[in-house]
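Structural features, examined
Letter by letter, the chains look like this.
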Amino acid sequence: MGHKPRKEMIAETRAKLVAAARHAFGTVGYAEASMDDFTASAGLTRGALYHHFGDKKGLLQAVIAEIDAEMLARLKIVSARADNLWQGFVDECTAYIEMALEPEIQRIVLRDGPAVLGDPSQWPSQNECIRSMSENLQKLGDEGTIVAVDPEAAARLVSGASLHAAQWIANSEDPEATSKKAVKAFNVLLEGLLKQGSRIGRPQAPAEIDKSLA
C-alpha cells in the first residue's frame, strides 16, 4: 500500500493532538496539563505540537473550537424540535446555559478558556453566534412575535446574558442550584421581547439537551 497523502497525515496528526489535549484539559485542567505527557500519549512529540498549533495556548484554542462546533450542532437540534420559531429560540438559549453543568464544557470552555484566552465575547466563534441569533430575531420581528428592536443589538445583549449566566454556573459552588436560578431569570428577561398578545408562554420544563453528538 502507498503512503497516505500529506494532507491526510497532517489532519490525523492535528486530530490526535486535539484529542489528547482535550482529554488532559478536561481531566486535570489547562495549567496542570503537561505538554510532554499528552503529546506522548498521542504518540507524537512536543515539536509536532509547536509545528501545528504554535504553543499550548494555540492548542487550547483548537480544543475550544472543536467543543464549540459540537455545542452548536446540539443546539441546532434543540431549536429544530420546537413547535415554533420563538420556542426554538428560547429552548436554544436555555440549552446553552444548561450546558454549563457539563464538566468538560465547564472546565475547558467556561473556566480555563476565559482565564487563558481572555473575554469569550471577543472569541471568533462569537461572530457566528451573533450572526445566527440576529437572523432569528429578525425573523421573529418580521412575523410579529417580538417588539420592534434592532436584531444585532438584541442579539448581543441576549448572547452576553447567556454567556454570563453560563460562566456564573461554571464558577458556582452549587452549579445545579445556580443553573435553575439562572434559567428562570433568563426566561423572564426573554419574555420581555414578546409583543403584547403574542405571549407564547414559558417552557414547561428545561430544554432537553441532545448529547448524542457530544
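Preceding this section is the structure that the text describes.
Just so we're clear, the structure is a prediction, and the values are computed from it rather than from any experiment.

Considerations on the overall build of the protein chain
Across its full length, the protein chain holds 9 helices and 0 strands. Secondary structure of the protein chain in N-to-C order comes out as α-α-α-α-α-α-α-α-α. Looking at the protein chain as a whole, 45% of its 214 residues qualify as buried. Residue pairs in contact within the protein chain that sit at least 24 positions apart in sequence constitute 72% of those at least 6 positions apart.

Let's talk about the pattern of salt bridges
The full count for this structure, using the stated rule, is 9 salt bridges. With a closest N to O distance of 2.5 Å, E135 and R131 form a salt bridge. Here E135 and its partner R131 are both found in helix 7 (residues 125–142), 4 residues apart, which amounts to about one turn of the helix. Judged by relative accessible area, which is 40%, E135 ranks as partly exposed.

Side note on the side chain of S162
With respect to the helices, strands and loops of the structure, S162 is situated in helix 8 (residues 151–170). At 2.9 Å, the side chain of S162 forms a polar contact with the backbone oxygen of S159. Every residue in contact with S162, bar those within four places of it in the chain, is listed here: Y96, I97 and F186.

Concerning the nonpolar core
Judged by nonpolar contacts, the single largest core of 57 residues is most densely connected at F25, F38, W86, F89, L110, L137 and L190. It is helix 4 (residues 56–81) that provides the largest number of residues to this core, a total of 9 residues. When residues of this core are assigned to domains, at least three fall in each of domain 1 (1–54) and domain 2 (66–211).

Things to note about helix 6 (residues 103–117)
Among all positions of helix 6, only I105, Q106, I108, V109, L110, D112, G113, P114 and L117 are buried. Downstream of helix 6 by a residue or two, G118 has a phi angle that is positive, lying close to 90°.

What about the layout of surface pockets?
Estimated volume of the largest pocket: approximately 490 Å³. Around the largest pocket, the lining is made up of 23 residues, and of these L72, L75, Y96, Q126 and C129 lie nearest the centre. Among the elements of the structure, helix 4, helix 5 (85–98), helix 6, helix 7 and helix 8 are those that each provide at least two residues to the lining of the largest pocket. Residue contributions to the lining of the largest pocket peak at 7 residues, all from helix 7. When grouped by side-chain class, the residues that make up the lining of the largest pocket number 14 nonpolar, 6 polar and 3 charged.

What to know about the packing of aromatic side chains
Under the criterion given, the structure shown has 3 aromatic pairs. Pairing F25 with Y30 gives two aromatic rings, centres 5.3 Å apart and planes at 50°, and the pair type is tilted. Judged by its relative accessible area of 14%, Y30 falls in the buried class. Ring centres of W86 and F89 lie 5.9 Å apart, and the angle between their planes is 35°; on these two criteria the pair is classed as tilted. Pair noted here: W86 and F89 are both in helix 5, with a separation of 3 residues, about one helical turn. Three or more aromatic residues joined by ring pairs make a cluster, and in this case those are F25, Y30 and F38.

As for the packing of helix 1 (residues 6–27) against helix 3 (residues 46–53)
Running from N to C, helix 1 and helix 3 cross one another at 110°; their axes reach a closest spacing of 10 Å. Comparing their axes, helix 3 and helix 1 come out roughly perpendicular. Residues I10, T13, R14, L17 and V18 of helix 1 touch helix 3, and the partners they reach there are A48, L49, H52 and F53. When its residues are assigned to classes, the contact of helix 1 with helix 3 shows 6 nonpolar, 2 polar and 1 charged.

Here we look at the environment of E102
Along the polypeptide, E102 turns up in the loop between helix 5 and helix 6. Take E102: its relative accessible area is 14%, and that puts it in the buried class. Considered as a pair, E102 and A170 are 68 residues apart in the sequence and their alpha carbons are 8.8 Å apart. Of note is the side chain of E102, whose polar atom sits 2.6 Å from the side chain of R74.

So, how was this worked out
As a convention, each chain's residues are numbered from 1 in the sequence order in which they are written. Local features in a predicted model are, by the rule used here, given only for residues with pLDDT of at least 70; side-chain atom pairs are given and counted only at 80 or more, and totals for whole chains, interfaces and linings are based on all residues. Only heavy atoms go into the side-chain values, all of them from the structure, while hydrogens and water stay out. Only DSSP runs of H or I with at least four residues qualify as helices, and only runs of E with at least two residues qualify as strands; both kinds are numbered from the N terminus onward. A simple rule labels every residue: compare its accessible area, found with a 1.4 Å probe on the protein chains alone, to the largest value its type can have, and call it buried under 20%, exposed over 50%, or partly exposed in between. Contacts were defined at the residue level, with two residues in contact if any of their heavy atoms lie within 4.5 Å. Here a salt bridge means any side-chain nitrogen of Lys or Arg lying within 4 Å of a carboxyl oxygen belonging to Asp or Glu. Any N or O atom pair separated by 3.5 Å or less is treated as a polar contact, with the protein-specific requirement of one donor-capable and one acceptor-capable atom, and with residues adjacent in sequence counted only for side-chain atom pairs. For this analysis, a nonpolar core means a set of buried residues of the types Ala, Val, Leu, Ile, Met, Phe, Trp, Tyr and Cys, connected via side-chain atoms within 4.5 Å. Residue ranges for the domains trace back to a domain assignment, done automatically or taken from a database. Buriedness of a pocket was judged along seven lines, with at least five required to meet protein on both sides within 12 Å; pockets are open sets of points on a 1 Å grid over the protein atoms alone, cavities are sets where a 1.4 Å probe fits but cannot get out, and lining residues have an atom within 4 Å of a point. Grid points are joined across faces, edges and corners, and a volume is the space filled by probe spheres set on the points. Any residue outside Ala, Val, Leu, Ile, Met, Phe, Trp, Tyr, Cys, Pro, Asp, Glu, Lys and Arg is labelled polar, Gly included; the first ten of those are nonpolar and the last four are charged. The rule is short: rings of Phe, Tyr and Trp, with Trp giving its six-membered ring, pair when the centres are within 6.5 Å, and they are stacked under 30 degrees, edge-to-face over 60, tilted in between. Angular values range over 0 to 180 degrees, each being the angle between N-to-C directions of two axes fitted as lines to C-alpha atoms, with helices fitted over their stretch in contact. Roughly parallel means an angle under 35 degrees; roughly antiparallel means over 145; roughly perpendicular covers 65 to 115; every other angle is labelled oblique.

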